[in-house]
Amino acid sequence: MSTMTMIEAIRATLHAEMRRDDRVTVLGQDVGQLGGVFRATADLRDEFGSSRVVDMPLAEAVIAGSALGLAASGMVPVAEIQFLGFTHQGFHQIASQVARYRYRSRGRYPLQLTIRTPFGGGVRTPELHSDALEAQFVQSPGLKVVMPATAYDAKGLLAEAIRDPDPVLFCEPLRGYRMVKGEVPDEDYTVGFGRARTARQGSDVTIVAWSAAVQMALGAADELARQGIDATVLDLRTLVPLDVEGLAEAVAATGRCVVVHEAPLSAGFGAEVVATLQDECFYDLEAPVARVTAPDTPYPLAGIEDQYLPSVQRVVDATIRTVNQV
Amino acid sequence: MSTMTMIEAIRATLHAEMRRDDRVTVLGQDVGQLGGVFRATADLRDEFGSSRVVDMPLAEAVIAGSALGLAASGMVPVAEIQFLGFTHQGFHQIASQVARYRYRSRGRYPLQLTIRTPFGGGVRTPELHSDALEAQFVQSPGLKVVMPATAYDAKGLLAEAIRDPDPVLFCEPLRGYRMVKGEVPDEDYTVGFGRARTARQGSDVTIVAWSAAVQMALGAADELARQGIDATVLDLRTLVPLDVEGLAEAVAATGRCVVVHEAPLSAGFGAEVVATLQDECFYDLEAPVARVTAPDTPYPLAGIEDQYLPSVQRVVDATIRTVNQV
Amino acid sequence: MTSEAPSEVPHVTSGTPLRLMGDDGGSPDPQRIRLDEDGQLAVLRQMMLSRAVDQRAVSLQRQGRFGTLSTVTGQEASVTASAMALERGRDWLVPQYRELPGMMYHGYPLEHFFLYFMGNMAGAGVPDEARVLPIQIALAAQIPHAVGLAWGRQLQGHDEVVIVYFGDGASSEGDFHEACNLAGILGAPVIFFLQDNGWAISTPRRMQSAAASFADRAPGYGIAGAVVDGNDALAVHAVTAEAVDRARAGDGPTLIESKTYRLGPHNTADDPTRYVDDAEREEWEARDPIARLQRHLAASGAWDDDLAAEVERDNEAEIERALGVAFETPSPTVDQIFDHVYAADSVRLARQRASLSGGDR
Amino acid sequence: MTSEAPSEVPHVTSGTPLRLMGDDGGSPDPQRIRLDEDGQLAVLRQMMLSRAVDQRAVSLQRQGRFGTLSTVTGQEASVTASAMALERGRDWLVPQYRELPGMMYHGYPLEHFFLYFMGNMAGAGVPDEARVLPIQIALAAQIPHAVGLAWGRQLQGHDEVVIVYFGDGASSEGDFHEACNLAGILGAPVIFFLQDNGWAISTPRRMQSAAASFADRAPGYGIAGAVVDGNDALAVHAVTAEAVDRARAGDGPTLIESKTYRLGPHNTADDPTRYVDDAEREEWEARDPIARLQRHLAASGAWDDDLAAEVERDNEAEIERALGVAFETPSPTVDQIFDHVYAADSVRLARQRASLSGGDR
Ligand SMILES: Cc1ncc(C[n+]2csc(CCOP(=O)(O)OP(=O)(O)O)c2C)c(N)n1
Ligand SMILES: Cc1ncc(C[n+]2csc(CCOP(=O)(O)OP(=O)(O)O)c2C)c(N)n1
Ligand SMILES: [Mg+2]
Ligand SMILES: [Mg+2]
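Residues numbered from 1 in each chain as written. Chains lettered and ligands numbered in written order. Predicted model: local features only at pLDDT ≥ 70, side-chain atom pairs only at ≥ 80, totals over all residues. Heavy atoms only, no water.

K.L.:
What am I meant to see in the domain arrangement of chain A here?
P.N.:
A common measure of how large an interface is: the accessible area buried when the components associate. Residues and elements named next belong to chain A. Taken domain by domain, chain A holds domain 1 (2-184) and domain 2 (197-324). Measuring from the centre of the C-alpha atoms in domain 1 to the corresponding centre in domain 2 gives 26 Å. At the junction of the two partners, domain 1 supplies 27 residues and domain 2 supplies 25 residues. Summed over both partners, the interface of domain 1 with domain 2 comes to about 2,000 Å²; 58% of that surface belongs to carbon and sulfur atoms. Looking at the side of domain 1 facing domain 2, the largest losses of area belong to Arg-124, Met-147 and Arg-175, adding up to 24% of the total buried there. Seen at the junction of domain 1 and domain 2, the total is 5 salt bridges. Seen at the junction of domain 1 and domain 2, the total is 12 residue pairs in polar contact (both at pLDDT 80 or more). (Domains from an automatic or database assignment. Contact = heavy atoms within 4.5 Å. Buried area = accessible area lost by both parts, 1.4 Å probe. Salt bridge = Lys/Arg side-chain N within 4 Å of Asp/Glu carboxyl O. Polar contact = N/O pair within 3.5 Å; in protein donor to acceptor, adjacent residues only side chain to side chain.)

Spelled out as structure tokens, the structure:
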């Protein structure tokens, strides 16, 4: 057991998976010599050589598209797209090609393939580096969408992603890279997909979140506790597959729910959470599920991002309103 | 007043808008000499010449990206992407660039720009031609997303889109091109964005739909009427901007709602409809809002598409369940 | 492997298209021919099978039994002779959608083609022993796949070559550029086989690019380039075989521009009379690649009417067999929608499958 | 205009980079120089201003007053002399993010640059009179925009030229290819100015492409190509001016490869000691483009220490002025989040604006 930041957990997992399976190949911009702009892939090249840790040209579509070909060839690619915002440059390869290749080949070419990509706000990145675009990938069946919030899960979910026979989009919260720390077992383990995690158990209301928003939800829960409101915090961990049952149970238990995400409101994954709850536990809901999200605007420059993003205070306020609703 | 199919209405509108404003320029694959693979742009080149009706090379990103530049130069481009599925090839230009250019330039470069694109199932197209991807664009603030269902609206909304100072993604239902017919005034008119249309007024339940699904909803309403259930059919017409108030009123009036779309369930725009309703008229809802959608799989080959897509029968069944729920 | 760009690249001429069949039956450069008479006959048979399949498929499409499809007619030499320059069972073929005879040569069953165009996903499957990727509908998207495949097989120590097909139209997509550039950096054993058939639906070649030749793009990626008369089966085969040698020897990728012509409509939904003029079509009809190879073989007595009749009978039999299999294959059921989306259904997907299967429409 | 691909394209040499400043102060080809002494001094002043801005911005970044930013250091000749070959107020500049002196020359205010890097959207705005598009963060995405802009201005009957900047890294993106190819077809008046500064963050030029020269890509689009010593202000200016002439005359686009070097880190968050070796950096430091132009002008007596001191004072004053404006500009308020998303707020957006503005957090 060691205490690690998320980025350390990710780095350790990449090392471990490359040792475990020599088909695992890391590719992406600046992943080799530099070890990644956030050093997620540091020292990999020294250990595994430049044919397994490959600096790619600046071209996202061929990073994703050649990863597809590598997987079809029998390798296990772990591609990095430097920021989730730049998956758009390779969107057709990820959403139309990678997601459907098993399907389109009737199982002949399953893709054991992971695309890692950092995202999310709050760390003063330039334009297009912070966007939370996860919902766009949920509308791409065939892909799994994984959003770890803790160092423990970053390791367990990344190991699972690399070993999973299906393609996985693995989104890493920039804000969590160095700020989120936790206990991480040294031994091998995986965290299965499709199982939400109860990050905090409460009885009055359920706050649903994923990725960096989980920390925010926990912060809000602490503040709410001081005000006498006892909140469950449910970390979805994977959006696809969605833990439909775990979600419904956690919300049915309290009858009230707030969902938090960094993406804009309209058609964000929060909408799916509400729609699912409404379908699964309509009669348990004592108040409308509140959504605390960014507004329907592009991500602004850093000088105003704190007002743009959901905050602990906004989660607290929305939760109090939800709890007080009769 | 003439009776027109949707494709005729679209063609007539393109002619009219090009006559009205000589900045309007049509560009896309096969739009010139051929007049479009569905003949939406037929005869435009003869009338307006090859510098205003431009056959583009086979490259979606530069179709969208050069349309951005054309708009910045003072032209009014109307670009065609041959099928919505191929917007993925230019997704970065549409979702990250076109959508944000006004914002990123603080209003210096607003984009009076329309991207027309057909989509949707039921007409036996090859793979990747039928996908309903509208929800992916709703998570791109700055863009408007318009989904006409009738010939009248196709004309009025397309004229509005071309004249609107903001970029518009204008999605045309393949199934409606020749099957949907209606009265279309010969004179100039526009249909404003953000106002849902009551396609049928009923009292028991509200069926919400857009694009080709509106016809399906109307078919279901006819059948339901025979079974003694009186349904409102609400056609959203534009997903961005969303007629939040019109939607809430139409559903509050009946207390029950079914939403229908061709896209897969998870994170489809139906989720946003449910979430919005849940927020706007929670206490009016007497039963959970049902979603009738495609399943969470890629669009299959044509031999099985009728089972894949929502159908009149599935809408009828879901509506009956919703109405009977106590 | 990726750390050094190859220093010397063998630049194949990108000027006049290579021809190896003279109009008179002789060859301007007989030394370069890599197919003996049997090999030439094998290519011809495969080309003729392709033409026969096209004719049958179009008629079945007209009867409403097949969906929209694109024929190979006019491009048989380009597709077939190139695919047959690779080793079946060893090398790999990555198609766009107009390469049936090449796919078949490498083991994709004709009945799958029929099933695919009947809208049955069973046709999308590729048998395990066939080294063929699925038909590609999104133009140019397959080119990066081919580079990854070639790279991955090489990383695993195999000396296999990958050929990837695409059109003049597809070459305008960003994927083409990104893939060629990566292949150049990696020195991957891949052949970019660009079929310039004159048209991308209604868009003529001259409106697709101002480049004098598509092969002129090769130096911009540090890879070899070649231009070939795509209706000359022997030249297509030779140029491709040379590219295979180069790739196998570790000398990296080649971009081959095959100048050919689409003799029919773009697909069965298209009406080329709207954009092609008769003179152009007739000019190319006179260069029909099948008739041309037949003339070449007939000149040396290797081809005659009897043989033609025999080949036609064989082809008919093969088509009947495959159609039989296709028509006997059960229509798709709801499970086809759900199978192979993931290795296993999620809770939600299992519910959706049950719901759609259970008549709970 | 789009119906015929240009038949003859003036292929500028893509071999050895053009140099017009000899090491001794003379010129290997004085006839080709297009800047008189005043012009050269104007370029030098702008280059020196850029360097001074870089130094100040980096120190403000270290103090936490600016966000992450990329300097122009080492590339001043490449950016400045090319931008100044276009006519201010008539022609257009489309930047990536490393072209401050060029943007400033064409009217983008220095205070906007400061505001942008303070995270204030006010800095993203471009004054109406400046013919400059916004800074681009998504690499290569601006290249299609530039083609559309050039095309659109031409359609409207203006004879204006557009220059678009991008890096060796960005040239690997599909957008580069699609844009160059379209420009070739249209014969659009656009100059593709590729700055090969040796690196894309940590990725060296040789791992970006196996092409011997990026300008070798021009024939593949039927456009003109040129290679220039990017640290030679006179050569950069001349090559660009020739491309402007060509574009203005209706002879279409040019791809210019400017060979220069990024002397600092990629941006203020980068640590190049992880990947650049000292020898390489020192070699390029010796070719510093500012010192080089100063030596050239000093040789003819047009530059001396007094003038240098004066220019430095002027630059300091300009920086102080712009910083003053930037620091006095109010911090962004919530309205900045909502303004300019659309021409007018939707019902939903108006509610969100009210909610965020109203302290209803
Ligand atoms: C990315 C993408 N854009 C558009 C289309 C629609 N489309 C299908 S075939 C075709 C023309 C293809 O031309 P070419 O690449 O030359 O191949 P050919 O059909 O001539 O063999 C087009 C535009 C598509 N399938 N994929
Ligand atoms: C589409 C896209 N992918 C990745 C990045 C991240 N990124 C920012 S700068 C950079 C390197 C750019 O290199 P180059 O184009 O040579 O320009 P330079 O910085 O050298 O001027 C990368 C990879 C980005 N901004 N945009
Ligand atoms: Mg073609
Ligand atoms: Mg660079």
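K.L.:
Looking at this model, I keep getting lost on the site of ligand 1. Mind explaining?
P.N.:
The local shell around ligand 1 holds 22 residues, among which Glu60(B), Tyr97(C), Arg98(C), Asp168(C) and Asn197(C) are the closest. The environment of ligand 1 is shared, with nearby residues belonging to chains B and C. In this structure, an oxygen atom belonging to ligand 1 sits 3.4 Å away from a side-chain N or O atom of Gln96(C). In the environment of ligand 1, a nitrogen atom lies 3.2 Å from a nitrogen or oxygen atom belonging to the backbone of Leu139(C). In terms of residue class, the shell around ligand 1 is built from 10 nonpolar, 8 polar and 4 charged. (Near = heavy atom within 4 Å. Nonpolar A, V, L, I, M, F, W, Y, C, P; charged D, E, K, R; others polar.)

K.L.:
When you look at the relation of the copies chain C and chain D in this model, what are you seeing that I'm missing?
P.N.:
The pair of chain copies shares a relation made of a rotation about an axis and a shift along it. Mapping chain C onto chain D calls for a screw motion: a turn of 180° about the axis and a shift of 0.0 Å along it, with 0.0 Å RMSD after fitting. What the superposition gives is, in effect, a two-fold axis relating one chain to the other. When each C-alpha of chain C is compared by its distance to the rotation axis, Gly174(C) comes out closest, at 1.7 Å. Interface residue correspondence from chain C to chain D reaches 100%, placing this contact among same-surface, isologous pairings. (Least-squares fit on C-alpha atoms with pLDDT ≥ 70 in both.)

K.L.:
Hey, could you run me through the domain arrangement of chain C in this one?
P.N.:
Domain assignment breaks chain C into domain 1 (30-330) and domain 2 (333-361). A straight line from the C-alpha centre of domain 1 of chain C to that of domain 2 of chain C covers 36 Å.

K.L.:
Is there a simple way to explain the site of ligand 2 in this structure?
P.N.:
Around ligand 2, the structure places 22 residues, and the nearest of them are Glu60(A), Tyr97(D), Arg98(D), Asp168(D) and Asn197(D). Flanking ligand 2 are residues from chains A and D. Note that a nitrogen atom of ligand 2 is positioned 2.6 Å from one of the side-chain N or O atoms of Glu60(A). The backbone of Ala170(D) places a nitrogen or oxygen atom 2.8 Å from an oxygen atom of ligand 2. Protein coverage of the free-state accessible area of ligand 2, which is 590 Å², stands at 96%. For the shell around ligand 2, the per-class residue count stands at 10 nonpolar, 8 polar and 4 charged. (Areas by Shrake-Rupley, 256 points an atom, 1.4 Å probe, with all protein chains shown as cover.)

K.L.:
Mind showing me how you'd approach the interface of chain B and chain A here?
P.N.:
Between chain B and chain A, the residue contacts involve 50 residues of the former and 50 residues of the latter. For the pair chain B and chain A, the two sides together bury roughly 4,300 Å², of which 55% comes from carbon and sulfur. A per-residue breakdown of the area chain B buries against chain A is headed by Arg100(B), Gln139(B) and Pro298(B), which together make up 16% of the total. Joining chain B to chain A, the criterion identifies 6 salt bridges. Here Arg104(A) ties to Glu127(B) by a salt bridge, and the two come within 2.8 Å at their closest N and O atoms. In this assembly, chain B and chain A are joined by 19 residue pairs in polar contact (both at pLDDT 80 or more). No other element matches the 8 residues that helix H11 (residues 269-280) of chain B contributes to the side of chain B that touches chain A. Looking at the side of chain B that touches chain A residue by residue, the classes come out as 26 nonpolar, 15 polar and 9 charged. (Helix = DSSP H or I, 4+ residues; strand = E, 2+ residues; numbered from the N terminus.)

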